[in-house]
Amino acid sequence: MANSREYPIGIFDSGVGGLTVARRVMEQMPNESVVYFGDTARAPYGVHSKETITAYSMDIMRYLTAKPLKMVIIACNTICVSSYYELAEAFNVPLFEIVSCAAEECVIGVPREGANVGVIATEATVRSGGYLIELLKRHPFLNIIQKPCPDLVTFAEKGFTHSVAARQKCAEYLRDMKEAGIERLVMGCTHFPLYADIFAEYLGGNVKLIDPAVASAAKVKGAIREAGLENPGPPKREFYITGDTDTFERVAGNLLGMEIKAERVTL
Ligand code: DGL
């Protein structure tokens, strides 16, 4: 871990989704400074090949690591499953991925005979099999149903998560899982916790929703504490994006409950 208590935590995503991780980081570590990067001009990433996702995320990492950072959280499941090893090899900064944390959280309390688990994610994440590997490694008797839900990324990037069309899409995407009687739903894309209330309403209160951000923030907190790198404060927050600042500032402001000023940059 880079050796200064005051250094911020870098957090990045293809777009606004990583804010669901930033929110938990800020809640659990209110003194830590955060530098957020969203490649909003090139989102969504989940429709691209592994090679393109890796090239795009390398660009973000080059930008972020030009700043002094304590560590970097890849707040994007798609980038974690597609490019984690390439990024870890290319950059000399502590790098944290969120997929294994979500898998760990998901299997807690599952009985020995298994459970029906749904995983919703991007096309690239589903195709990679990353969640299947991480979940089955921890519990071989899970019955996993995966579903790519690309339109939910698009609605979220525009700030339309609770539109009629978005609600209809949620129901359409989750119908098979509901019929199969899933007991847990992994929201395997950082944009998806923005729909958590809609998922809960559609699936019913007995389905446990797994938000990778919650377990990830707890793990990051533990790592920072163990390294003795807790920031005494006060915290700073910086937001960099590649697209339109108005939409981002509105979505981020609503989610984080504070006024957000974002700087538009070119990669
Ligand atoms: N938020 C991202 C994830 O967690 C990817 C969304 C996208 O750009 O397709 O997978």
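Residues numbered from 1 in each chain as written. Predicted model: local features only at pLDDT ≥ 70, side-chain atom pairs only at ≥ 80, totals over all residues. Heavy atoms only, no water.

(A) Representation of the site of the ligand in the model. Around the ligand lies a shell of 13 residues, among which Ser14, Tyr45, Thr78, Thr190 and His191 are the nearest. Here an oxygen atom of the ligand sits 2.8 Å away from a polar atom, N or O, in the main chain of Asn77. Within the backbone of Thr190, one N or O atom sits 2.8 Å away from an oxygen atom of the ligand. Taken by itself the ligand offers 300 Å² of open surface, and the protein chains cover 99% of this. (Near = heavy atom within 4 Å. Polar contact = N/O pair within 3.5 Å; in protein donor to acceptor, adjacent residues only side chain to side chain. Areas by Shrake-Rupley, 256 points an atom, 1.4 Å probe, with all protein chains shown as cover.)

(B) How the structure looks around the pairing of strand S9 (residues 237–241). For strand S2 (residues 34–38) and S9, the ladder comprises five bridges, and the chain directions are parallel. Across the sheet, residue Phe37 finds its bridge partner in S9, namely Tyr240. Pairing of S9 with strand S10 (residues 262–264) involves three bridges; the strand directions are parallel. Bridge assignment links Ile241 to a residue of S10, and that residue is Arg264. Once the chain exits S9 it traverses helix H11 (residues 245–256) before rejoining the sheet at S10, and the crossover so formed is right-handed. (Pairing = 2+ DSSP bridges. Helix = DSSP H or I, 4+ residues; strand = E, 2+ residues; numbered from the N terminus. Right-handed = clockwise from strand over helix to strand, strands pointing away.)

(C) Geometry of the nonpolar core. Phe12, Leu135, Phe192, Tyr195, Phe199 and Phe248 are the most contacted members of the largest nonpolar core, which totals 92 residues. For Tyr195, the contacting residues outside a window of four places in its chain are Leu152, Phe155, Ala156, Thr161, Ala166 and Cys170. (Core = buried A, V, L, I, M, F, W, Y, C linked by side-chain atoms within 4.5 Å. Buried < 20%, exposed > 50% of the residue type's maximum accessible area, 1.4 Å probe, protein only. Contact = heavy atoms within 4.5 Å.)

(D) Looking closely at unusual backbone geometry. Cis geometry is found at the peptide bond from Ala43 to Pro44, where omega equals 5°. Take Pro44: it is sitting in the loop between S2 and helix H2 (50–64). With an omega dihedral of -5°, the bond running from Gly233 to Pro234 counts as a cis peptide bond. With respect to the helices and strands, the residue Pro234 is situated in the loop between helix H10 (212–226) and S9.

In short, shape yes, function no, at least from these values alone.
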